[in-house]
Amino acid sequence: MESISTPRISSQLIDSYVGQNVMVVGKVQQLRGDTAVIDAEGQITANLNRDAHLVNGNAAQIIGKVLPDLSIKVMSSVDLGNNVDFKVAQAVVDATHQYRDLFVFDASKGGMMMG
Amino acid sequence: MGDSYGGGYSRTSYNAGGGDDAGGFVYGGSQGGSQSGAGKGYGDDTLRPVTIKQVIEADQAYPDAPFRIDGLEVTQVTFVGMVRAISPQTTNVTFRLDDGTSVIEVKQWLDADKQDDTSKQAFALDSYVRVWGRLKSFNNKRHVGAHVIKPVTDYNEVQYHLLEATYCHLFFTKGAPGGGDGAGGGANGGGNDSMFVDGGYGAGGGDVPMNDGLRTVSARARQVYQWLTNAEGGNEGVHANLIAQAMKMSVGEALKCGEELTSAGVTYTTIDDETFAILDY
C-alpha cells in the first residue's frame, strides 16, 4: 500500500499545497466548459477532466493537483448531491490539519517501511 | 446513542490503562477480562473507527502479535473509502480503498455456498463504501479481511466517520472530553465538538459528574477519581497502597494518578503525601 495521502483542504490552505495532490469538498458555484468554481471557505478554480459530471449548486468532491496559480488540475471528481453539510466538511479539514498524524502522510518523509 | 457510546468506550479505556503499564499486553489486565469472564475471545473484541492511515501505521509488538493503534490492541475496525480498484479472485474479491489518508487492500472472501450472492455484489469505481473487518497480515503485506462492505449513500457519513475516528484517537490518547467543549478542546475544532457532545459526556465515566479539573488528566487517573468518589475513607482519604490494590495497578502508578489528580485540583493529600481524598466543593 502506498503511503500517499490526498489531504482534505479548503481554499484557506491551498497555497501551502502547490504541487501536491489534495481533496476538496465544496459547493459548485459555476460550471463553464472545462472549468468549475468551487466554494470551500473561499473560491477554488478547478480544471476538470473530460469525464466530470458535476452539477451546479450541488456539493462536489474533487481530487487533483494544486497548480502554481492555485487552481486545481482535477484527476477525479464526484457529484455529492445537495445534502452535504459544509460545516462538517470544514470540521474534517480542521481535524485533518490539527491531527495530521491521523490523516496525512507527509510527502517529505518519503517511502515508509511497510509491515 | 450516547449511552451505548459510553459503555463501549469506557470499558475499552480501561484496557488503555492496562496497555500502558503492562507493556502492551492489553488483555493481560484483569479489568478487560472480568467484564466477560470468558478470557480472550469475542468478548474482548472491539470495533474501532479508524482512518486508513491509522491502519497502515498500526504496529505489532512482535511478528504475528495483535495490531495496535495508539498502543491499544485493535481487533475489528471500520472505515470508509473510495473504491479505486476491484479485482475478483478465485477465493475472494480484492478492493483497493482510498479515504484520502492512504490506500489499503480489502479482501472479501467468497462463500462457496453463496456464490450467487457475493458475485452480485458490485460497487462502482470511485464510489464510497464502508467496511467492517479485521486487520490481517499475510506475507508481510497488510490487508483488511472484510466481514461486511456496504455502499455509503450519504456523503456526510464519510465526514462523520473521519471525525469519529479523530474522536476515538483523542479519547484513547488524551482521555474523554470533560464537558461541553468536546474533543481535545481544540481551538478550531468547532464543528466536531458540537457533534460529539452527547457521546463525550457519557464516555467520561458513568454516574460520576464530570469535574472540570478531570478534563486534563489521563484516563487512568480519571478511573482512580471515580473509584475514590465511592471509596470508604472519609476525610482521612485513601492511601496509595489501597488505591493500587483496588485498581490493580502498581503503587507507583497509583501515586502518579493521585498526584495528577491533586495537581488538577480535584483531590488533595491528607495525613501524608501518599493519602488522597476527593476535594469537594
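Residues numbered from 1 in each chain as written. Chains lettered and ligands numbered in written order. Predicted model: local features only at pLDDT ≥ 70, side-chain atom pairs only at ≥ 80, totals over all residues.

Under an unreviewed UniProt entry, the name given to chain B is Replication protein A 32 kDa subunit, and the source organism is Apiospora phragmitis. Note on chain B: under the UniProt heading Sequence similarities (unreviewed entry), the record states "Belongs to the replication factor A protein 2 family." UniProt, in the comment section headed Subcellular location (unreviewed entry), describes chain B in these words: "Nucleus". (UniProt positions renumbered as here; feature names shortened; annotations may be inferred.)

The name that an unreviewed UniProt entry assigns to chain A is Replication factor A protein 3, with the source organism given as Apiospora phragmitis. According to the UniProt record, the Sequence similarities (unreviewed entry) comment for chain A reads "Belongs to the replication factor A protein 3 family." What UniProt states about chain A under its Subcellular location (unreviewed entry) heading is, verbatim, "Nucleus".

Novice: Residues and numbers for the interface of chain B and chain A, please.
Specialist: On the chain A side, the residues contacting the 30 residues of chain B number 32 residues. For the side of chain B that touches chain A, the secondary structure elements donating two or more residues are helix H3 (52–57), strand S7 (103–109), helix H5 (156–174) and helix H6 (190–195) of chain B. Here the element with the most residues in the side of chain B that touches chain A is H5 of chain B; it accounts for 8 residues. The residue makeup of the side of chain B that touches chain A, split by class, is 8 nonpolar, 17 polar and 5 charged. (Contact = placed C-beta atoms within 7 Å. Helix = DSSP H or I, 4+ residues; strand = E, 2+ residues; numbered from the N terminus. Nonpolar A, V, L, I, M, F, W, Y, C, P; charged D, E, K, R; others polar.)

Novice: Requested: an account of the nonpolar core, with residues and values cited.
Specialist: Counting residues in hydrophobic clusters, the biggest one holds 68 residues, and the most contacted among them are Val 24 and Ile 38 of chain A together with Val 55 and Leu 97 of chain B. Each residue touching Val 24 of chain A, except ones within four places of it in the same chain, is listed here: Ile 9, Ile 38, Ala 40, Ile 44, Ile 62 and Ile 72 of chain A. Judged by nonpolar contacts, the second largest core, of 16 residues, contains Tyr 225, Ile 243, Met 249 and Phe 276 of chain B. (Core = buried A, V, L, I, M, F, W, Y, C linked by C-beta atoms within 7 Å. Buried ≥ 20, exposed ≤ 12 C-beta atoms within 10 Å, placed from the backbone.)

Novice: An account of the sheet that holds strand S10 (residues 238–239) of chain B is requested, with residue identities and associated values reported.
Specialist: Residue and element names in this part refer to chain B. Pairing is antiparallel in the open sheet, where 3 strands are placed in the order S10-S12-S11. Strands at the two margins of the open sheet, each flanked by one partner only, are S10 and strand S11 (267–269). Two elements, S11 and strand S12 (residues 275–278), share 3 bridges in a ladder whose sense is antiparallel. Across the sheet, residue Tyr 268 finds its bridge partner in S12, namely Ala 277. (Pairing = 2+ DSSP bridges.)

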